[in-house]
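The chain contents come next:
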Amino acid sequence: MIRVSNLKFSYTKQPFIEGMNFEVREGEIFGFLGPSGAGKSTVQKILTGLLTTYSGSVQVNGTEVKQHDNNFYENIGVDFEFPSLYEKLTARENLKFFGSLYQKQQPALPLLESVGLLGEADKKVSDYSKGMKSRLNFIKALLHDPALLFLDEPTSGLDPSSARRMKDIILAQKARGKTILLTTHNMYD
């Protein structure tokens, strides 16, 4: 699903990522573990097509990322560490909007239920706690049932019960054959 060969990238003239090589097979959970500032999120931004000024080869689902088209995003789900939600909309409205960006989508209510937010579906996101926003952002990445999930610090800021729920959902996605790449600085994860 992912093949990275001799990846080099820098935000400045100073080297940042140099000579990185790895492969992720279909149905595998692959993790990047490291301290803040080590480049984990940067690698995910490259893999998801947000940064294309790299050198080397980065192939995701058979496509060189630099040459991706809009269909590229039909097969990947992305949950970055900091939620990107519309605060003035409810959780249900956010999922309806983001789901409309894809050719296919799953029903929102079971996803909300899976992360314990069904009872809060019609509450404005601005009234959500940090953990609630994190859980909503996570299921936003699952809306279109992608084959490949990119999860950046998926349990950051969550209480132990919510973190366990998220890990169970990740394992359930793997059991369905999904490929998952996650980043964390948490050794326990």
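One can find the structure itself at the top, above this paragraph.
Conventions used here
Residues numbered from 1 in each chain as written. Predicted model: local features only at pLDDT ≥ 70, side-chain atom pairs only at ≥ 80, totals over all residues. Heavy atoms only, no water. Helix = DSSP H or I, 4+ residues; strand = E, 2+ residues; numbered from the N terminus. Rg over C-alpha atoms; globule rule 2.2 N^0.38 Å. Buried < 20%, exposed > 50% of the residue type's maximum accessible area, 1.4 Å probe, protein only. Contact = heavy atoms within 4.5 Å. Areas by Shrake-Rupley, 256 points an atom, 1.4 Å probe, with all protein chains shown as cover. Lys, Arg positive; Asp, Glu negative; His and termini not counted. Charge placed at Lys NZ, Arg CZ, Asp CG, Glu CD. Phe/Tyr/Trp six-rings, centres within 6.5 Å; stacked < 30°, edge-to-face > 60°. Lys NZ or Arg CZ within 6 Å of the ring centre and 35° of its normal. Pairing = 2+ DSSP bridges. Axes fitted to C-alpha atoms, helices over the stretch in contact; angles between N-to-C directions. 1 Å grid on protein atoms, 1.4 Å probe; cavity = no way out; pocket = protein on both sides within 12 Å on 5 of 7 lines; lining within 4 Å. Points joined across faces, edges and corners; volume = space filled by probe spheres on them. Nonpolar A, V, L, I, M, F, W, Y, C, P; charged D, E, K, R; others polar.

1. A few points about the overall build of the protein
In step 1: Across its full length, the protein carries five helices and eight strands.
In step 2: Walking the protein from its N terminus toward its C terminus, one meets helices and strands in the order β-β-β-α-β-β-β-α-α-α-β-α-β.
In step 3: Computed over its C-alpha atoms, the radius of gyration of the protein comes to 17 Å, within 12% of the 16 Å expected for a compact globule of 189 residues.
In step 4: Overall, the protein is about 50 × 35 × 35 Å in size when its C-alpha atoms are taken along their principal axes.
In step 5: Looking at the protein residue by residue over its 189 residues, the buried ones come to 44%.
In step 6: Sequence separation of 24 or more characterises 68% of the internal contacts of the protein that already satisfy a separation of 6 or more.
In step 7: Counting only carbon and sulfur atoms, one obtains 50% of the accessible surface of the protein, whose full area is about 9,900 Å².
In step 8: Across the protein, the 23 positively charged side chains and the 21 negatively charged ones have centroids separated by 2 Å.

2. Considering the packing of aromatic side chains
For any pair of aromatic rings, the description rests on two quantities: the centre-to-centre distance and the angle between the ring planes.
In step 1: Counted according to the given criterion, the structure contains nine aromatic pairs.
In step 2: Plain terms: the ring middles of Tyr86 and Phe97 are 5.5 Å apart, the flat faces sit at 85° to each other, and that makes the pair edge-to-face. Residue Tyr86 is located in the loop between strand S6 (76-79) and helix H2 (91-99), and its partner Phe97 is located in helix H2; the two are separated by eleven residues in the primary sequence.
In step 3: Taking the relative accessible area as the measure of exposure, Phe97 reaches 34% and is therefore partly exposed.
In step 4: Consider the rings of Tyr86 and Phe98, whose centres lie 5.8 Å apart with planes at 20°: the pair is stacked. Residue Tyr86 is located in the loop between S6 and H2, and its partner Phe98 is located in helix H2; the two are separated by twelve residues in the primary sequence.
In step 5: Through a chain of ring-to-ring contacts, three or more aromatic side chains come together here, namely Phe9, Tyr11 and Phe16.
In step 6: Positioned above the aromatic ring of Tyr54, the side-chain terminus of Lys66 is 4.6 Å from the ring centre.

3. What to know about the sheet that holds S6
Either a parallel or an antiparallel arrangement is found when strands of a sheet pair, and the pairing is made through backbone hydrogen bonds.
In step 1: Overall, parallel pairing links the four strands, which are arranged S3-S8-S7-S6 in an open sheet. The open sheet has two free edges, formed respectively by strand S3 (29-33) and S6, since each of these has just one partner strand. Along the sheet, successive strands turn relative to each other by an average axial angle of 10°, direction set aside.
In step 2: Here strand S7 (residues 148-152) runs beside strand S8 (residues 179-184); their pairing, made up of five bridges, is parallel. Looking at the pairing, Leu149 lines up with Ile180 of S8.

4. Some details on the layout of surface pockets
In step 1: The volume enclosed by the largest pocket comes to roughly 310 Å³.
In step 2: Around the largest pocket, the lining comprises 16 residues; the ones closest to its centre are Val78, Phe80, Ser84, Tyr102 and Lys140.
In step 3: At the level of secondary structure, the elements contributing two or more residues to the lining of the largest pocket comprise S6 and helix H4 (130-140).
In step 4: Broken down by element, the residue count for the lining of the largest pocket peaks at three residues, all from S6.
In step 5: Here the residues of the lining of the largest pocket are counted per class, giving ten nonpolar, five polar and one charged.

5. Here we look at the pairing of S3
In step 1: Burial along S3 is one-sided: Phe30 and Phe32 are buried, while Ile29, Gly31 and Leu33, pointing the other way, are not.
In step 2: Bridge count for S3 against S8 is five bridges, and the pairing is parallel. Note that in S8 the partner of Ile29 across the bridge is Ile180.

6. Points about helix H1 (residues 40-47)
The periodicity of an α-helix, 3.6 residues per turn, causes residues three or four places apart in sequence to face the same way.
In step 1: Judged by how many residues are buried, H1 sits mostly within the fold: six of eight residues are covered.
In step 2: Taken residue by residue, H1 has Lys40, Thr42, Val43, Gln44, Ile46 and Leu47 as its buried positions.
In step 3: Against strand S1 (2-9), strand S2 (17-24), S3, strand S4 (55-60), S7 and S8 lie the buried residues of H1.
In step 4: Positive phi appears at Gly49, one or two residues downstream of H1, with a value of about 80°.

Geometric values such as these leave the question of function open.
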